[in-house]
Amino acid sequence: MEKKLSEFEPSESGKVKTVTGEGRIRRRLFDMGITPGASIVMRKKAPFGDPIEVNVRGYELTLRKTEAECVVLDV
Amino acid sequence: MKIALIGNPNCGKTTLFNRLTGSTAHVGNWPGVTVEKREGQYKGLKKQTSERIDVVDLPGIYSLSPYTPEEIVSRNFMIDENPDLIINIVDATNLERNLYLTTQVLEADVPVIVALNMMDAVERSGDEIDIKGLEQALGVPTVPISALKGKGIKELMARALDEGKTKRKGASVLASCDCYPLIERIRDTIAKENIANPLFHAAKLVEGDSAECVRFPGIAKSLEEVKPMLGKNEYGDDYEAYVADMRYRYISQYYSPCLKRATHEARLSRSDKADKVLTHRIWAIPIFVLIMFAVFHITFSEDILFLNSWFGVEVTNELFASALMIEPGDVGIPSLGVWLQSLLGWCTGGLIDVSRDGLTAAGYEGTWVEGFLCDGLLSGIDSVLSFVPQVLLLYLFLSILEDTGYMARVAFILDRAFRRFGLSGRAFMPLLMCFGCAVPGIIATKALENEKERRLTIMLSPFFSCGAKLPIWATFAGIMANTYWSGYGDLVVFIMYFMGIAVAIIAAIILKLTALKGDPPPFIMELPAYHRPQFKSTMIHLWDKAKHLLVRTGTVIAVSIIVIWFLSSFGKGGYCDIDDSILGYLGKGLQYLFYPVFAAPNGFATTEASNAYAWRFVVAAFTGLIAKEMVVATLGTLAGVDGDAILEGAASEADQTAFDAMIGSMTPAAMFAYMAFNLFSVPCMAAVGAAMGELKSRKRSWQAIGFWLLTAYVVSFVVFWLGNFNTYMWGMSLAVTLILVTLCALLAWKVVTNFKTKQATAANVGANESALGAAATHDESEVE
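Residues numbered from 1 in each chain as written. Chains lettered and ligands numbered in written order. Predicted model: local features only at pLDDT ≥ 70, side-chain atom pairs only at ≥ 80, totals over all residues.

### Regarding the overall build of chain B
Part 1: Regarding its fold elements, chain B presents 36 helices and 12 strands.
Part 2: Put simply, chain B has 784 residues, and 46% of those count as buried.
Part 3: Looking at chain B alone, contacts between residues at least 24 apart form 69% of all its contacts between residues at least 6 apart. (Helix = DSSP H or I, 4+ residues; strand = E, 2+ residues; numbered from the N terminus. Buried ≥ 20, exposed ≤ 12 C-beta atoms within 10 Å, placed from the backbone. Contact = placed C-beta atoms within 7 Å.)

### Focus: the overall build of chain A
Part 1: Regarding its fold elements, chain A presents 2 helices and 6 strands.
Part 2: Each helix and strand of chain A, ordered N terminal to C terminal, gives the series β-β-α-β-β-β-α-β.
Part 3: The C-alpha radius of gyration of chain A comes to 11 Å, within 12% of the 11 Å expected for a compact globule of 75 residues.
Part 4: By its C-alpha atoms, chain A is 30 × 25 × 20 Å across when sized along the principal axes.
Part 5: The buried share among the 75 residues of chain A stands at 53%.
Part 6: Contacts spanning at least 24 positions in sequence make up 56% of the contacts within chain A whose residues lie at least 6 apart. (Rg over C-alpha atoms; globule rule 2.2 N^0.38 Å.)

### A short note on the interface of chain A and chain B
Part 1: With 32 residues of chain A in contact, the opposing surface of chain B contributes 30 residues.
Part 2: Of all the secondary structure elements, the ones that give two or more residues to the side of chain A that touches chain B are α1 (23-31) and β5 (59-63) of chain A.
Part 3: Sorting elements by how many residues they give to the side of chain A that touches chain B places α1(A) first, with 8 residues.
Part 4: The residue makeup of the side of chain A that touches chain B, split by class, is 14 nonpolar, 7 polar and 11 charged.
Part 5: As judged from the 3 bridges shared by β5(A) and strand β10 (residues 524-526) of chain B, these two strands associate in the antiparallel manner. (Nonpolar A, V, L, I, M, F, W, Y, C, P; charged D, E, K, R; others polar. Pairing = 2+ DSSP bridges.)

### Some words on the sheet that holds strand β5 (residues 85-91) of chain B
Residues and elements named next belong to chain B.
Part 1: Here we have 7 strands laid out as an open sheet, ordered β2-β3-β4-β1-β5-β6-β8, and mixed in their pairing. Each end of this open sheet is capped by a strand with a single partner; those strands are β2 (26-29) and β8 (142-144). On average, adjacent strands in this sheet sit at an angle of 25° to one another, irrespective of strand direction.
Part 2: The pairing of strand β1 (residues 2-7) with strand β4 (residues 54-57) spans 4 bridges and is parallel. What sits directly across from Leu5, in β4, is Asp57. (Axes fitted to C-alpha atoms, helices over the stretch in contact; angles between N-to-C directions.)

### Structural notes on helix α6 (residues 153-164) of chain B
All names here are of chain B.
Part 1: For α6, with 12 residues, the first-to-last C-alpha span of 16 Å sits near the 16 Å given by 1.5 Å per residue.
Part 2: For α6, the set of buried residues is Leu156, Met157, Ala160 and Gly164. Seen along its axis, α6 keeps its buried residues to an arc of 90°; they face one direction. Along α6, the residues that are exposed and aim more than 90 degrees away from the buried face are Lys154 and Ala158.
Part 3: Those residues of α6 that are buried are in contact with β1, β5, β6 (112-117) and β8. (Expected span 1.5 Å × (residues − 1). Arc of directions from axis to C-beta.)

### Concerning the pairing of β4(B)
All names here are of chain B.
Part 1: Every second residue of β4 is oriented toward a common face, the buried set being Val55 and Asp57 and the non-buried set Asp54 and Val56.
Part 2: Of the strand pairs in this sheet, strand β3 (residues 36-41) and β4 are connected by 4 bridges, and their pairing is antiparallel. Bridge pairing in β4 links Arg38 to Asp57.

### Some remarks on the confidence of the model for chain B
Part 1: Taken over all residues, the pLDDT of chain B has a mean of 83, while the share at 70 or more is 89%.
Part 2: We note a pTM of 0.81 for the whole complex and an ipTM of 0.95 for its interfaces. (pLDDT = per-residue confidence, 0-100.)

### Some thoughts on the environment of B:Met459
Residues and elements named next belong to chain B.
Part 1: Mapping Met459 onto the fold places it in helix α22 (residues 451-460).
Part 2: Spatially, the C-alpha atoms of Met459 and Tyr180 are 49 Å apart, while their sequence positions differ by 279 residues.
Part 3: Ignoring sequence-local partners within four residues, the contact set of Met459 consists of Leu511, Ala704 and Phe707.

### Topic: the packing of helix α3 (residues 95-105) of chain B against helix α11 (residues 239-255) of chain B
All names here are of chain B.
Part 1: One way to put it is that α3 packs onto α11 with a least axis distance of 9 Å and a crossing angle of 120°. Judged by the inter-axis angle, α3 sits oblique to α11. Considering how the two elements wind past one another, α3 and α11 form a crossing that is right-handed. Residues Leu95, Glu96, Leu99, Tyr100 and Thr103 of α3 lie in contact with α11, whose contacting residues are Arg247, Tyr248, Tyr250, Ile251, Ser252 and Tyr255. (Parallel < 35°, antiparallel > 145°, perpendicular 65-115°, else oblique. Left-handed = near helix turned anticlockwise from the far one by under 90°.)

### Brief notes about the sheet that holds strand β1 (residues 2-4) of chain A
Part 1: Taken in spatial order, the 7 strands make up an open sheet running β1(A)-β6(A)-β2(A)-β3(A)-β4(A)-β5(A)-β10(B), and their pairing is antiparallel. Of all strands in the sheet, those with a lone pairing partner are β1 of chain A together with β10 of chain B, marking the two edges. Between one strand and the next, the sheet's axes are offset by a mean angle of 40°, whatever the strand orientation.
Part 2: Pairing of strand β4 (residues 52-56) of chain A with β5(A), which is carried by 5 bridges, proceeds in the antiparallel orientation. Bridging across to β5(A), A:Glu53 finds its partner in A:Thr62.

### Brief notes about the domain arrangement of chain B
Put simply, an interface is often sized by how much accessible area is lost when its parts join up.
Part 1: Domains assigned within chain B are domain 1 (2-172), domain 2 (175-265) and domain 3 (555-727).
Part 2: Taken over C-alpha atoms, the centre of domain 2 of chain B sits 62 Å from the centre of domain 3 of chain B. (Domains from an automatic or database assignment.)

### Description of the nonpolar core
Part 1: B:Ala115, B:Phe476, B:Ala673 and B:Met675 are the most contacted members of the largest nonpolar core, which totals 220 residues.
Part 2: In contact with B:Ala673, not counting residues within four places along its chain, are B:Val597, B:Phe598, B:Ser716, B:Val719 and B:Phe720. (Core = buried A, V, L, I, M, F, W, Y, C linked by C-beta atoms within 7 Å.)

Given below as structure tokens:
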């Protein structure tokens, strides 16, 4: 099943399927290791519900929900 | 020999740099961008044998993509400045992502050596890395080190110096990909033109890198035609995704197996445990508030832990009190910041007294020589030094929080609240600092990645009422409470702080819609593992800051204080009182300009006398542009009393009455308007100096100054007008408002169109918007 990273709840995980978004954001996501095939674990949401913290390639990454919307995962 | 250090942010690059260069390091700037450039010489060589070895610390980056100024600076240095060797620092606790940059660095025709940093942390966690295997896979020397503990650095440099003598041809991890024949063809085409690093350029061109497309428009064009004919790979013709994925795949296939992880339980590190609390949904914010309170308390409190006001602790022992630099009696123990400040003030105050005595003995009393030396030069130095201890202390706390990795968490916690004003969570810390002092606040904007966000934050900085403005609020609030609202003095002070925040929000929105238009910068950020702060590198950083502050900011302040001294001590008749001085005349002349703001006669002031006072308020506001500490002191002097005594609350009763009578001649509306003017106008010359340092452009600094003065004028006008809307003058006020609003709108429109033309010109070059941002900064000719 496909699901956007922005819809994840803490401790859910999945494998990246596609990455969309405007050039700069997309490239930044790639550079930070969110490439197709990478597995991502959702860690937590910030106190105001946004941004979110995820674990990818063994480190902690934070991104906003609008940016997480660009990442589609297989769960 | 020239060595460059390259690596991800938070990989310990700066620690290694400090280890290598020690005291020879100095911090400058890359031309045209606000990115710090650190250079130094390797100090570990035996003197007689050596040629000089220069070490350059490139900014921390995740990739050599062309989007941020940091990335552009690093890549230009790598491919155009021919370093003899690149040391690629890799955080061994985070191999995969760190090696992604390595795969790009390896494509350049430069000798590369990989320094596997933080090996101590790897060993502690029980993980193991097969160094030999990794070295073989990478094809370049790989040395395990711990920059923090100073381990492995000798070996690293020994191998680095050997490696630097050789030549190396770039190699790509893309060699096994379908697109490699294409890369090779482009590489050969570029090589024929005798351009260095052909493989690097070729790989980037295939990625569709915008900066390369500008550099090689011909190749880029034919590539666009060739790509669709190559047949689809699994990404269609999306080569950017394809190349990034191929790099990561190569890493997980060939490099990652060299890492043997310990069992999963051991991997819930201390950092994760700390984060359980520090970014907890409920506890995160209270803990943050507590930490911030502690920072400010240690820096600014005159009554540490509220021992005096809450528990009645008094310092009565004279010796103890004099060691604390306070008068014995019903007072609290001062905090570290306040104590340091008084200590320094005591030294410079002593210096002034000694000079004054000496000059009196030499018969110069009351002449301009005494005035220049004591009131001009020495008090200039005094006021420069007086704020240094607290600024540095704030800065020290800031860099500790930054070093430990907590600052990234603050950005994470608060991003949501700041986003709607066009700022990210990262802007919070600098703005908060401004409540203490705008200078460290402005310096702290360095941590902001995005140029526009940095400018916006600097422009908003004075609106967060700083410590030096508090005496102004206190003075006016005291008089207002006496005359109008008995017992509500603290409310007046609160209103000023609140007004500052409210205007900052409105100004941020307006600037965002006009001059600083653009998409919000992406907020895709690593949360680095927590580290213990490093005493040595923090101190090196602090020393840099102190020098910077004293030299740049100091000269600006000292010069302006001497100028103000001259203007206020000389008039037609030579050396004279401030009343007859040039400044006095300026005030009398320019007071008309301030009529709509706070100084209007008739109907606006409570007494006839205030008409006569009007120019004095104007003069005091002028001196406030130099330093806000001077406002109350100047008002005192202009009321014919000892201004410093008023500030310290030690004035005689008659003096205090005379002073209160002058301030009290204003209506409450005029008082609020006057305070608003002081709040929003140019904060002080120190802040202007700091802003010039961070904005790196004269034009932008002047824009900021203009923006502050305009905001001050408009806000105090609105306050004054609202406070007087029932008088006959309001019709006139309305007319002036309309004119002002129109002018503002016109100005805003002009700024926007200017901005658009700039964008359009740049767009012709064909690159995307953010690469342009950096390019535009490059082109800016006013850059110092």
